[in-house]
Amino acid sequence: MRLFAAIIPPESALAELTAVVGALRHLPDAGRLRWTEHAGWHFTLAFLGEVDEGLLPELSERLERAARRHPPHELRIAGGGRFGDRILWVGADGDRTTLRDLARSTAAGARRAGVDVDGTHSFHAHLTVARAADRVDLKPYAAALADFRGTAWTVDRLALMRSHPPVSGVPGERPRYEVLRSWGLGH
């Protein structure tokens, strides 16, 4: 199973983001981007990759412990940027220290459960809104997101997510995400 640990913003925060992203679709070259879907928006804390089902009980126990160690905290979807000319993202503002610590605990717990966690990138709180298959100048998009500040919300759950890759072969089809388990923070 292809898994990752994530924070899923509440519907109200995602609705605000939907309006902002909708305006971006009118910028030049917007049709050359693959826009992520509202249903798949999340902040990845740790990408776990392919995980053997036999590791799920231990992984779940470790992630539950990680969730208990960190209190609920306030975030908002805010700002934006790009990773080169390939990925357009929005960021997070608020208690990013607790979010970063939760990400570290999540990755450490997964490693202790025997999962080979992707450790090639340091944690950067972001939610991907679009990807480019070829070079697209994402600077105007990032600039349009720079001043966005959504309404604050409380992060109170850690989710273990499964990614179901596209299977139809239809160009543009997106992966589907499923919450396998979730745990309250600080409980």
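What this report covers is the structure whose coordinates are included nearby. (Residues numbered from 1 in each chain as written. Predicted model: local features only at pLDDT ≥ 70, side-chain atom pairs only at ≥ 80, totals over all residues. Heavy atoms only, no water.)

**Let's talk about the side chain of His73**
As for its position among the elements, His73 is in strand E4 (residues 73–83). Looking at His73, its side chain comes within polar contact range of the main-chain oxygen of Pro71, at 3.0 Å. (Helix = DSSP H or I, 4+ residues; strand = E, 2+ residues; numbered from the N terminus. Polar contact = N/O pair within 3.5 Å; in protein donor to acceptor, adjacent residues only side chain to side chain.)

**Comments concerning the sheet that holds strand E6 (residues 126–132)**
On the basis of which strands lie adjacent, the open sheet formed by five strands has the order E2-E6-E5-E4-E7 and antiparallel pairing. Both edges of this open sheet fall to strand E2 (33–35) and strand E7 (153–155), since each of them pairs with a single strand only. Ignoring strand direction, the axes of neighbouring strands in this sheet form an average angle of 40°. Those strands touched by helix H3 (residues 96–112) are E4 and strand E5 (87–94), and its axis lies near 80° from that of E4. (Pairing = 2+ DSSP bridges. Axes fitted to C-alpha atoms, helices over the stretch in contact; angles between N-to-C directions. Contact = heavy atoms within 4.5 Å.)

**What about the side chain of Thr128?**
Structurally, the position occupied by Thr128 is in strand E6. A relative accessible area of 16% places Thr128 in the buried class. Contacts of Thr128, omitting those with residues within four sequence positions, involve Thr36, Trp41, Ile87, Leu88 and Trp89. (Buried < 20%, exposed > 50% of the residue type's maximum accessible area, 1.4 Å probe, protein only.)

**Details of unusual backbone geometry**
For Asp29, which is not glycine, the phi dihedral falls at a positive 70°. Checked against the element boundaries, Asp29 lands in the loop between helix H1 (11–24) and E2. Of the residues examined, Asp29 reaches a relative accessible area of 39% and is grouped as partly exposed.

**Quick word on helix H2 (residues 56–69)**
An ideal rise of 1.5 Å per residue puts 20 Å on 14 residues; H2 measures up with 20 Å between its terminal C-alpha atoms. Three or more residues of H2 are buried, namely Leu56, Leu59, Ser60, Leu63, Ala66 and Ala67. End-on, the buried residues of H2 take up no more than an arc of 125°, which puts them together on one face. Residues of H2 that are exposed and point over 90 degrees away from its buried face: Pro57 and Arg69. (Expected span 1.5 Å × (residues − 1). Arc of directions from axis to C-beta.)

**Re H3**
Helix length check: H3, at 17 residues, gives a terminal C-alpha distance of 24 Å against a target of 24 Å (1.5 Å per residue), a fit within 8%. All of the buried residues along H3 are Thr98, Leu99, Leu102, Ala103, Ser105, Thr106, Ala107, Gly109 and Ala110. The inward-facing, buried residues of H3 contact strand E1 (2–7), strand E3 (43–50), H2, E4 and strand E8 (157–164). Immediately downstream of H3, the backbone of Gly114 shows phi near 100°, a positive value.

**Focus: the sheet that holds strand E9 (residues 176–184)**
Reading across the sheet, the four strands line up as E3-E1-E8-E9 and stay open at both edges, with antiparallel pairing between neighbours. Of all the strands in the sheet, just E3 and E9 have a single pairing partner and so form its edges. When the angles between neighbouring strand axes are averaged without regard to direction, this sheet yields 20°. Where E8 meets E9, eight bridges bridge the pair, whose relative direction is antiparallel.

**A short note on the nonpolar core**
Core analysis: the largest hydrophobic core is formed by 53 residues, its most contacted members being Leu17, Trp35, Leu48, Leu59, Ile77 and Leu88. With six residues, H1 is the single largest residue contributor to this core. With residues up to four places along the chain from it excluded, the contact list for Leu88 reads Leu24, Trp35, Gly81, Arg82, Leu127, Thr128, Val129, Ala130, Leu138, Tyr141, Ala142 and Leu145. (Core = buried A, V, L, I, M, F, W, Y, C linked by side-chain atoms within 4.5 Å.)

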